[in-house]
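Residues per chain are reported as follows:
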Amino acid sequence: GVVRVRPDGTELEIVSRGQRNIYDVAIDPLMNLFTRDNTNDGDGWDVRLSHVVPLGNYGYPTLFTYFGEEIIQPLLDTGGGAPTGALFLSEPGYPGDTGESLLTCEWGRGAIHRHPLNANDSTFKAEQAPFITIPRPTDIDVDGQGRIYVSSWRNGSFTYSGDNVGYVARVVPKNHRPEPFPNLGKANEAELLQHLASPSQVRRLATQREILRRGPKADLVAGLETLMKSKATLPVRVAAVFTYNQLLGAKAQDFLAKLAEDASVRESALKALADRKPETASLPLPLFERSLQDANPRVRLQAVIGLVRIGKKESAAALLPMVADADSVVAHIAIQALMALQARETCLAAL
């Protein structure tokens, strides 16, 4: 499965279970997680592309074969292969919609695949298209100037095959002329907020880290609040949400709870509110319980996850009807939520 941990080693937690041979996790600007694994030992090696949802069970080693209705189904099953690295590319300067792409390395077939995604209730529909042909790719990354790097294990073997094994390739669009990467350490607070509104995910992430290093200065706090309420693109507003949450900790909760009234960022506001388990004790249960009835299945999903992270067993009564949610992923996570809360009495009373 997938686990999560903070950079200082604290708050280690399991995100998902039932995945096999994961090499990498790709994270998009809205904090969606994606990975590819393969199926059962000795019983097929089909490659599965999955949207990774907290609390989700993806079926390895037996559920995916015999009890498919009890797991989150993959977005794609692409047949035999060997999945390795993954990257969500969100950078300007690429033709068409290529700059907003989930990319995955296929070691077994010598290719980098691109996966166009379309929203489908609380999850996605995915396709697969060729992107780069390269021998035995193992990983992929991108820098702050939109240059992609791919590592290849060319000529490699399970025994010694000579000195000339492997290389790293750099890939850029034709006529690529990126802006120089800014010196964030010398930027003032107003400039940092401008960099946080960059169309480049790499630049936004680097800017977030610089803001967090400087601490909750009044100009930064006010600027983040303005950015969250602005008409900026959703990735920029979401970056501001999570920067603000990490900057202020539990003190961010009042503002984020009010921000959750805005349907366009409600999903991210709920997710940020419950992001840090040690800070959930004071969260307002009514906000999350009301959100279980939201018309948007992505909001309902975050409400279910949030109530589990808050961890109060009295939430079980509100969660119970969600096991029949029209969205199969929401229903699956609701079942996992009742298990996590050990809500035996609520379930038996319903029966």
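Whatever comes next refers back to the structure up there.
Residues numbered from 1 in each chain as written. Predicted model: local features only at pLDDT ≥ 70, side-chain atom pairs only at ≥ 80, totals over all residues. Heavy atoms only, no water.

Undergrad: Would you mind showing me how to read the overall build of the protein chain here?
TA: A tally of regular secondary structure across the protein chain gives twelve helices and 15 strands. For the protein chain, whose C-alpha radius of gyration is 21 Å, the value lies close to the compact-globule estimate of 20 Å for 351 residues. Projected onto the principal axes, the alpha-carbon positions of the protein chain cover approximately 65 × 55 × 35 Å. Here the protein chain holds 351 residues, and the buried ones make up 49% of them. Within the protein chain, contacts between residues separated by at least 24 positions form 54% of all contacts whose residues are at least 6 apart in sequence. Summing over all exposed atoms, the protein chain offers an accessible surface of approximately 17,200 Å²; the carbon and sulfur share of this is 53%. (Helix = DSSP H or I, 4+ residues; strand = E, 2+ residues; numbered from the N terminus. Rg over C-alpha atoms; globule rule 2.2 N^0.38 Å. Buried < 20%, exposed > 50% of the residue type's maximum accessible area, 1.4 Å probe, protein only. Contact = heavy atoms within 4.5 Å. Areas by Shrake-Rupley, 256 points an atom, 1.4 Å probe, with all protein chains shown as cover.)

Undergrad: What is the right way to look at the layout of surface pockets in this model?
TA: To find the voids left in a structure, one rolls a probe of water-molecule size over its atoms. One number sums up the size of the second largest pocket: a volume of about 500 Å³. In terms of lining residues, the second largest pocket is bounded by 25 residues, among which D28, L30, N32, F88 and F124 are the most central. Listed by contribution, the elements that provide at least two residues to the lining of the second largest pocket are β8 (100-106), β9 (111-115), β10 (117-120), α5 (234-248) and α7 (266-273). (1 Å grid on protein atoms, 1.4 Å probe; cavity = no way out; pocket = protein on both sides within 12 Å on 5 of 7 lines; lining within 4 Å. Points joined across faces, edges and corners; volume = space filled by probe spheres on them.)

Undergrad: So what exactly am I meant to see when it comes to the sheet that holds β8 here?
TA: Through backbone hydrogen bonds, the strands of a sheet pair up, either in parallel or in antiparallel fashion. Spatially, the four strands line up as an open sheet ordered β7-β8-β9-β12, and their pairing is antiparallel. Each end of this open sheet is capped by a strand with a single partner; those strands are β7 (83-90) and β12 (129-133). Between one strand axis and the next, the sheet turns through 25 degrees on average, direction left out of account. Both β7 and β8 contribute to a ladder of six bridges, which runs antiparallel. Looking across to β8, one finds that S90 is bridged to E100. (Pairing = 2+ DSSP bridges. Axes fitted to C-alpha atoms, helices over the stretch in contact; angles between N-to-C directions.)

Undergrad: For this particular structure, what's the right way to read helix α9 (residues 297-310)?
TA: What sets the pattern is the α-helix's 3.6 residues per turn: residues three or four places apart point alike. With 14 residues, α9 extends 20 Å from end C-alpha to end C-alpha; this agrees with the ideal 20 Å at 1.5 Å per step. Burial analysis of α9 places 14 of its 14 residues in the buried class, which makes it a mostly covered element. Between the side-chain oxygen of the N-cap and the backbone nitrogen of R298 there are 2.9 Å, and the N-cap of α9 in question is N296. Note on α9: the residue one or two positions beyond its end, G311, has a positive phi of about 80 degrees. (Expected span 1.5 Å × (residues − 1). Polar contact = N/O pair within 3.5 Å; in protein donor to acceptor, adjacent residues only side chain to side chain.)

Undergrad: What exactly am I supposed to notice about the pairing of strand β4 (residues 33-38) here?
TA: Two faces belong to every sheet, and in a regular strand the side chains alternate between them. With respect to burial, β4 is a largely interior element, six of its six residues being buried. The alternating pattern of β4 places L33, T35 and D37 and F34, R36 and N38 on opposite faces, both of which are buried. As judged from the two bridges shared by strand β3 (residues 26-27) and β4, these two strands associate in the antiparallel manner. The residue bridging A26 from the neighbouring strand is F34, located in β4. If you look at the hairpin formed by β3 and β4, you'll find five residues sitting between the two strands, and M31 has a positive phi there, around 75 degrees.

Undergrad: Whenever I open this one, the pattern of salt bridges confuses me. Can you help?
TA: A side chain of one charge can pair with a side chain of the opposite charge if their charged atoms are brought near each other. The full count for this structure, using the stated rule, is 16 salt bridges. With its nearest N and O atoms 2.7 Å apart, the salt bridge here joins D97 to R114. Of the two residues, D97 is situated in the loop between β7 and β8 and R114 in strand β9; the sequence distance between them amounts to 17 residues. Here D294 and R266 are joined by a salt bridge, their closest N and O atoms 2.6 Å apart. Separated by 28 residues along the polypeptide, D294 in the loop between α8 (285-291) and α9 and R266 in helix α7 bring together distant segments of the chain. Of the two residues examined, D294 and R266, each falls in the buried class. (Salt bridge = Lys/Arg side-chain N within 4 Å of Asp/Glu carboxyl O.)

Everything listed is a geometric property; what it means functionally is a separate question.
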